[in-house]
Amino acid sequence: MSILIDQNTRVLVQGITGKEGAFWTQHMVDMGTRVVAGVTPGKEGQLCCGKPVYHSVRNAMNEHKADAAMIFVPPKFVLDAVLESLDSGIRLIVTLADGIPLHEQAKIRAAALANNAVVIGGNTSGMIAPGKAMMGSIPYWISRVYQPGRIGIMTRSGSLTNEVTAMVVAAGFGVSSLIGVGGDPVPGARFAEFLPAFEADDETDAVVIIGELGGTMEEEVAEAISRGAFTKPLIAFLSGRTAPAGTRMGHAGAIITGGRGSVADKTQLLESVGARVAIRPREVGALLKEALRERKSRL
Amino acid sequence: MSILIDQNTRVLVQGITGKEGAFWTQHMVDMGTRVVAGVTPGKEGQLCCGKPVYHSVRNAMNEHKADAAMIFVPPKFVLDAVLESLDSGIRLIVTLADGIPLHEQAKIRAAALANNAVVIGGNTSGMIAPGKAMMGSIPYWISRVYQPGRIGIMTRSGSLTNEVTAMVVAAGFGVSSLIGVGGDPVPGARFAEFLPAFEADDETDAVVIIGELGGTMEEEVAEAISRGAFTKPLIAFLSGRTAPAGTRMGHAGAIITGGRGSVADKTQLLESVGARVAIRPREVGALLKEALRERKSRL
Amino acid sequence: MKLFEYQAKEVFAGAGIPVPKSVLITAASEIPAAVEALGLPCVLKCQVLSGGRGKAGLVKLVHSQAEAEALATRYFAEVPSLHAVLVEEAVAIERELYLALTMDAVSGRAMLMGCAEGGVEIEYVAAHTPEKIVRETIDLDRGLQAFQISDFTYRLGLREDALKQVGKICGALYKAFRSMDAELIEINPLFLTKDGTAVAGDGKLSIDDNSMHRHVAYEKGRSYYGSDMEFEAAKEGIPYLEFDGDISLMCAGAGLANTVYDLVNYEGGTIANYLEFGGPNYMKAGTAMRLCLANKPKVILIVTFGTIARADVMAEGITKAVLELKPSCPIVACLRGTGEERVDEIFAPIGLKRLSDTEEAVKKAVAIANGRENA
Amino acid sequence: MKLFEYQAKEVFAGAGIPVPKSVLITAASEIPAAVEALGLPCVLKCQVLSGGRGKAGLVKLVHSQAEAEALATRYFAEVPSLHAVLVEEAVAIERELYLALTMDAVSGRAMLMGCAEGGVEIEYVAAHTPEKIVRETIDLDRGLQAFQISDFTYRLGLREDALKQVGKICGALYKAFRSMDAELIEINPLFLTKDGTAVAGDGKLSIDDNSMHRHVAYEKGRSYYGSDMEFEAAKEGIPYLEFDGDISLMCAGAGLANTVYDLVNYEGGTIANYLEFGGPNYMKAGTAMRLCLANKPKVILIVTFGTIARADVMAEGITKAVLELKPSCPIVACLRGTGEERVDEIFAPIGLKRLSDTEEAVKKAVAIANGRENA
């Protein structure tokens, strides 16, 4: 079992007829994702990627009970698209757009919490359960990265995910579920929130988090482990260990402020609760092996 | 057992040091209501009616875990006061003020629903469990009205409540709990929402509702009865039976609009589900007797 | 507070909702300038607050200046308390819609309502074909979202450009609803014109009375009321309604007043006026009685059952008022509640006897009014 | 986008937050007029975006016009890229507070923060005595409520008039935070003056970059950047940071770029610049390389692992850039992802060989930069 999505998840695509929407929806379908319908205002009645298009999520939901919404709309329309899916009762949403206004990021996060919903993104390439389903723009065809297996992965980055996951696969492992929470300062979902699902997932042996300087997501992971919400091995790779304080390193959230958010502090916290932190991407594979061996010997 | 409040309910009074607040808090205390503290910004450390006064609900709640909040503040501050009590986790609130702006009435109602809270009022004199506790400005000392007993009463009016309840008492009954939901067009709580509690209350034999033209509260009561949420005898007295359509009769909500809200229609609906509707206040007592006799013979 | 059509349309225009070009006139002599500004044909619309203006002949299309002048002259001469006529350009109408916002009491949310058939009486549609009314509720904190507008206008049967135009109007109407603290804001009809634009044909806007402190620019002058006495009562903050009958009600509490109103009707009496002097007005017995007497009632029926509005204080006020105003009609007084035991003593100087049963009081008042009994 | 102090204070003033009287000057010759307008003593404050201006001597109290002129002359001569000095009246300070609003990522709510000790470095307080920082989170849909302000200011230790004044400022600051789409808005210090008023002593305001389309009045000119190249890069929308070292990074993806940055440091190399040309910029290899070359690096290190940002497209861009710009320094290129199999063929004309392991590429670049290896 993968977490959040698999081949049975019924996916609705908002913004399906756009260039990016149509391109990646076709890839999602090709990979086996169960896309049931699409939404583009004004295009009700058309077909796109072989799927019926509706004017609104409500109209689509009248015909197809979707479980999840995949949003391909420009950044300034994302909040509205998220609220629209929530309004129709969808509680799993993925949005990729990079450039969502900060105050709208916050409203998305607050709406997710208020509705007990999972909103993944923005500023991400989405999530994948290799061999089962993909929501987003993840290059599932790169087999040295998106190999099915038993390691859960959560990431704040894009390209770095490929870099680190390739190391996981090179070490002989594969991926059960990979979730890109995105690089925005206020993402819709946070690492620690998925740990219970990974804990419960009998197809996940361990979790790798790909974090970075800034924010508190890695600290929350440490806190979740410390209160026993996650007991499987957890390996972290965190970028920005040598970044200067007070400088924003690429992602808006990747900045050390108020003396908080340094990779050194995150590392110390994670290690204090028994997680392993890789200094270089290539160490992730070895740490995984070590942690799994240790767990096996303990069980 | 009374519903909502009794002698053990810990009541916090917002606006306790105001003229109205101090006057009615003293009455509440005199009747036996367990007032634990009061709140008036800027007056922390004072005593009022023998109760400690705090700057904010949070400060008060740090010292006294109150179950309910009684709000005595002018109409335009009611929304803020309600939100303040909700913020501190209080889920039973009574507010009397007549003149709350309509859009703020709506926000209060929405906040009550969002927080699973009961907000009674505004534009009411509150509620009472005779002999146990009172929140509001109810003249519990008028013994021909506020006689303890086994009849639940819900009302949209003030003086008319005295009129009708006196008839109930004159017929030999007494009151278990009386709830004035108030005469505003968008009250914080509605008749039908209290029916499950009256249904469950083994000290309530029957319920009398004192309604009026306009709105849909009586219709909701009929709907609740029809789906079995309330099975005890229910007697209604509704004012405005001969009121001309389209004219606002006193209360802002007391108006027949869109062909809806006439007392005739409400009566028909209530009678169709087995409730009894009194045409004159004096009939309420006889209908109660009749209904209780009938129920007894059926049980 | 109900606004006049021209005021509602000023609000609409300020919110970006297209309205027809218009000129407001307060005398027939202003017609030539209005016609010159707007062209012919044009529409003359009496600015009165009552509904059904079309049926009552208070809105008419005119094709010449002479016709316009004659009609305006007639309007100003014949329509009671008419203070202004809105002269509007005639719009080439393709379709009419209905659009309104009100507050939904159950959810505590705003309710956007629309109907693809405008112009008709929406209450008739609501009663007979409710499925034709499209609704959307709006969280007041969050506001009206784009997806809601898009779905709402689609359900109204609109497509493409019309959908977008009406959608924009929905957004603007919601902003006006909120900023005006409206209890009702309505465009009926909303014209879709032959040249493809959407224009508000009529406008209703009612500001919540409890929010008037935020809208002090609107002063409620005499023209907003049906009679001088209603205007007087409103200035005093006393709920008051004028009718044609014999019995003046002076009651405390809306529910009780309505009940007495019903009982009078049941007993075969008729109402001269409805008046509440409870709540904050319980010390205004004098003013209340003056308002009643202006209707020349056959009897004044006082019924109260108050708590904060003390019976003894009201009795004192009544006694003083009777001594001052020396009403020629009899008074029936049923006072109960806090201080009731002192009422008879207070009434002694005016020879009034307190009753304590509402029905008894009503019966007595009706009997007096119908000439069957003396006070 | 970080605003200058004077801009932040313009926003404050517009929101109703009291600020000291001031004159903005762009040359020392404007001092006499400023001093005449403000009186003496007054404060000269360099309008630069870096923090710690006080410690750096960029904010000074002056007691005479001569002193002011001398200081202004020195500022304009010596402070890099200084374009303006804010001359402010001196305020008689009784107490200083700290007040700020930012976004709380965990709750998705705004976070109001205050500290009864202003002026000091709040980050130091946060790290060492976090209990001194008072916090209040705010639902963005509902807004900052009066009860929250009242409780927040009380917890700050304020009472009576000071509580009310600072409370008003909290409300105004929140409105500014929302209307400006701020990521941070800060008053540090907030003066409580000897005559009992609250005045913003300093102001920071940073507008969210993703919201700049709603704030087009703010144009980010050269003065907002530390160097010409940073300004150039920003105009191209390319994330770029300048450092003093040897190796220019040209990476795709912030996370990967940061990782390469770390690896270079681990290997004993130094960074000339950080540059991302992934995402929407993946076809801008030429511009990216030009920005790198301006730093005269010893080597350019390219690392990518892209999907939409295809490796073959980036390779084509790099090849074209090398042919055009003819860089004198060697290039190390580690390209992976979609189209990687075509890269070697595309690189053939410039004789570049694709590496596929990040660490190998970093080691090679550091070796070249440190003179241990040729390209």
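Residues numbered from 1 in each chain as written. Chains lettered and ligands numbered in written order. Predicted model: local features only at pLDDT ≥ 70, side-chain atom pairs only at ≥ 80, totals over all residues. Heavy atoms only, no water.

Focus on the overall build of chain A
Within chain A one finds nine helices and 14 strands. Against the compact-globule benchmark of 19 Å for 299 residues, chain A has a radius of gyration of 19 Å, which places it among compact chains. In terms of overall dimensions, chain A has C-alpha extents of about 55 × 40 × 30 Å along its principal axes. For chain A, buried positions account for 64% of its 299 residues. Across chain A, contacts joining residues at least 24 apart in sequence account for 74% of those joining residues at least 6 apart. With the model as given, the accessible surface of chain A reaches about 10100 Å², and the carbon-plus-sulfur share is 51%. (Helix = DSSP H or I, 4+ residues; strand = E, 2+ residues; numbered from the N terminus. Rg over C-alpha atoms; globule rule 2.2 N^0.38 Å. Buried < 20%, exposed > 50% of the residue type's maximum accessible area, 1.4 Å probe, protein only. Contact = heavy atoms within 4.5 Å. Areas by Shrake-Rupley, 256 points an atom, 1.4 Å probe, with all protein chains shown as cover.)

Topic: the side chain of T153 of chain D
Inspection of the secondary structure puts T153 of chain D in helix α5 (residues 146–155). When neighbours within four sequence positions are excluded, T153 of chain D is seen to be in contact with L158, L163, V166, G167 and C170 of chain D.

Brief notes about the interface of chain B and chain C
Tallying the contact residues gives 54 residues for chain B and 46 residues for chain C. In this structure, the connection of chain B to chain C is made through nine salt bridges. Across the salt bridge formed by R144 of chain B and E340 of chain C, the nearest N and O atoms sit 2.9 Å from each other. Our count for the chain B to chain C interface comes out at 24 residue pairs in polar contact (both at pLDDT 80 or more). At the level of secondary structure, the elements contributing two or more residues to the side of chain B that touches chain C comprise α4 (102–114), α5 (159–170) and β13 (234–239) of chain B. In terms of residue count, α4 of chain B provides more of the side of chain B that touches chain C than any other element does, nine residues in total. Taken together, the residues of the side of chain B that touches chain C break down into 24 nonpolar, 17 polar and 13 charged. (Salt bridge = Lys/Arg side-chain N within 4 Å of Asp/Glu carboxyl O. Polar contact = N/O pair within 3.5 Å; in protein donor to acceptor, adjacent residues only side chain to side chain. Nonpolar A, V, L, I, M, F, W, Y, C, P; charged D, E, K, R; others polar.)

Considering the domain arrangement of chain C
One can read the domain layout of chain C as domain 1 (21–89), domain 2 (93–218) and domain 3 (228–369). For domain 2 of chain C versus domain 3 of chain C, the separation of C-alpha centres amounts to 41 Å. (Domains from an automatic or database assignment.)

Brief notes about the packing of helix α7 (residues 228–236) of chain C against helix α9 (residues 285–293) of chain C
All names here are of chain C. As a packed pair, α7 and α9 sit with axes 10 Å apart at the nearest point and diverge in direction by 170°. One finds that α7 runs roughly antiparallel with respect to α9. Residues M229, E232, A233 and E236 of α7 touch α9, and the partners they reach there are T287, R290 and L291. For the contact of α7 with α9, the residue count by class is three nonpolar, one polar and three charged. (Axes fitted to C-alpha atoms, helices over the stretch in contact; angles between N-to-C directions. Parallel < 35°, antiparallel > 145°, perpendicular 65-115°, else oblique.)

What to know about the sheet that holds strand β11 (residues 240–242) of chain D
What the six strands build is an open sheet, ordered β11-β13-β12-β14-β15-β16 (chain D); its pairing is mixed. What marks the edges here is a single partner per strand, and that holds for β11 and β16 (354–355) of chain D. The strands that helix α5 (residues 159–170) of chain A touches are β14 (299–306) and β15 (331–337) of chain D; relative to β14 of chain D, the one it contacts most, it runs at about 80°. (Pairing = 2+ DSSP bridges.)

With respect to the side chain of S227 of chain D
If you trace the backbone, S227 of chain D turns up in the loop between β10 (204–207) and α7 (228–236). Setting aside residues up to four positions removed in sequence, S227 of chain D forms contacts with R222 and E242 of chain D.

Re the pattern of salt bridges
Taken as a whole, this structure holds 89 salt bridges over all chains when the rule is applied. R58 of chain A serves as the salt-bridge partner of E136 of chain C, at 2.6 Å between the closest nitrogen and oxygen. Here R58 of chain A lies in helix α2 (residues 57–63) and E136 of chain C lies in strand β7 (residues 133–138), a pairing that spans two chains. An identical accessibility class is assigned to E136 of chain C and R58 of chain A; each is buried. Here R58 of chain B makes a salt bridge to D87 of chain B, at a shortest N to O gap of 2.9 Å. Of this pair, R58 of chain B sits in helix α2 (residues 57–63) while D87 of chain B sits in helix α3 (residues 78–87), placing them 29 residues apart in sequence. One connected set of salt bridges, linked through shared partners, spans E5, K9, K45, R53, E88 and D202 of chain C.

Description of the sheet that holds strand β2 (residues 34–39) of chain B
Residues and elements named next belong to chain B. Taken in spatial order, the seven strands of this open sheet run β3-β4-β2-β1-β5-β6-β7, and their pairing is mixed. A strand with exactly one partner marks an edge of an open sheet, and here the two such strands are β3 (47–48) and β7 (118–121). In this structure, β3 lies alongside strand β4 (residues 51–54), joined through two bridges in antiparallel fashion. Bridging from a neighbouring strand, C48 pairs with K51 of β4.

Observations regarding the environment of S107 of chain D
Along the chain, S107 of chain D turns up in the loop between β5 (93–104) and β6 (109–115). Taking the relative accessible area as the measure of exposure, S107 of chain D reaches 17% and is therefore buried. The sequence separation of S107 of chain D and A15 of chain D amounts to 92 residues, and the corresponding C-alpha distance is 26 Å. Apart from the residues lying within four places of it in its own chain, the contact partners of S107 of chain D are R109, A110 and L113 of chain A. One polar contact links S107 of chain D to D104 of chain D, side chain to side chain, over a distance of 2.5 Å. A distance of 3.2 Å separates a polar side-chain atom of S107 of chain D from the backbone nitrogen of R109 of chain D.

What to know about the packing of aromatic side chains
Overall, the coordinates contain 16 aromatic pairs over all chains when judged by the stated rule. A centroid spacing of 4.7 Å and a plane angle of 45° characterise the contact between F4 of chain C and Y224 of chain C, whose relative ring orientation is tilted. Of the two residues, F4 of chain C is situated in the segment before α1 (5–15) and Y224 of chain C in the loop between β10 (204–207) and α7; the sequence distance between them amounts to 220 residues. Across the pair, exposure class does not vary: F4 of chain C and Y224 of chain C are buried alike. Each member of the aromatic cluster is reached from another via a ring pair, and the members are F23, W24, Y140 and W141 of chain A. Over the face of the ring belonging to Y154 of chain D we find R159 of chain D, whose NZ or CZ atom lies 3.5 Å from the ring centre. The ring centre of F231 of chain D lies 4.5 Å from the NZ or CZ of K235 of chain D, which sits over that ring. (Phe/Tyr/Trp six-rings, centres within 6.5 Å; stacked < 30°, edge-to-face > 60°. Lys NZ or Arg CZ within 6 Å of the ring centre and 35° of its normal.)

What to know about the nonpolar core
Buried together is how nonpolar side chains tend to be arranged in soluble globular proteins. V208, L234 and L270 of chain A together with L301 of chain D are the most contacted members of the largest nonpolar core, which totals 105 residues. Examining the composition of this core, we find that seven residues originate from one element, helix α8 (residues 254–266) of chain D, more than from any other. Here L301 of chain D is in contact with I247, S248, L249, M250, C251, V260, V264, V332, A361, V362 and A365 of chain D, once residues within four sequence places are set aside. Listed in part, the 104 residues of the second largest apolar core include M127, I235 and V277 of chain B together with V299 of chain C. (Core = buried A, V, L, I, M, F, W, Y, C linked by side-chain atoms within 4.5 Å.)

A word on the environment of V221 of chain B
Residues and elements named next belong to chain B. In this fold, V221 is placed in helix α7 (residues 217–226). Taking relative accessible area as the criterion, V221 reaches 0% and is therefore assigned buried. In this structure the C-alpha to C-alpha distance between V221 and S88, which are 133 residues apart in sequence, comes to 31 Å. With near-sequence residues (within four places) excluded, V221 lies in contact with F191, A192, L195, I209, L234 and L270.

Section: the packing of α3 of chain B against α4 of chain B
Any two packed helices are characterised by the angle at which their axes cross and by the distance between the axes. All names here are of chain B. Two numbers describe how α3 lies on α4: the axes approach to 9 Å, and their chain directions differ by 10°. Between α3 and α4, the crossing angle belongs to the class labelled roughly parallel. As α3 runs across α4, the sense of the crossing is left-handed. Along the contact surface, α3 presents V78, L79, V82, L83 and L86, while α4 presents E104, K107, I108 and A111. (Left-handed = near helix turned anticlockwise from the far one by under 90°.)

Concerning the confidence of the model for chain C
The pLDDT averaged across chain C works out to 94; a share of 100% of its residues lies at or above 70. Taken over the whole predicted complex, pTM reads 0.96, whereas the ipTM for its chain interfaces reads 0.95. (pLDDT = per-residue confidence, 0-100.)

A word on unusual backbone geometry
Residues apart from glycine generally show negative phi values, whereas peptide bonds are mostly found in trans. Of note, the amide linkage connecting G121 of chain A to G122 of chain A takes the cis form, showing an omega dihedral of -5°. Turning to its location among the elements, G122 of chain A is positioned in the loop between β7 (118–121) and β8 (126–129). A positive phi angle is found at L4 of chain A, which is not glycine, with a value near 70°. Within the secondary structure layout, L4 of chain A lies in the segment before β1 (10–14). A positive phi is found at K326 of chain D, a non-glycine position, where the angle reads about 45°.

Some remarks on helix α6 (residues 160–179) of chain C
Residues and elements named next belong to chain C. Along its 20 residues, α6 runs 29 Å from first to last C-alpha, staying within 8% of the 28 Å computed at 1.5 Å per residue. All of the buried residues in α6 are L163, V166, G167, I169, C170, G171, A172, L173, Y174, A176 and F177. One or two positions beyond α6, positive phi appears at D181, with a value near 50°. (Expected span 1.5 Å × (residues − 1).)

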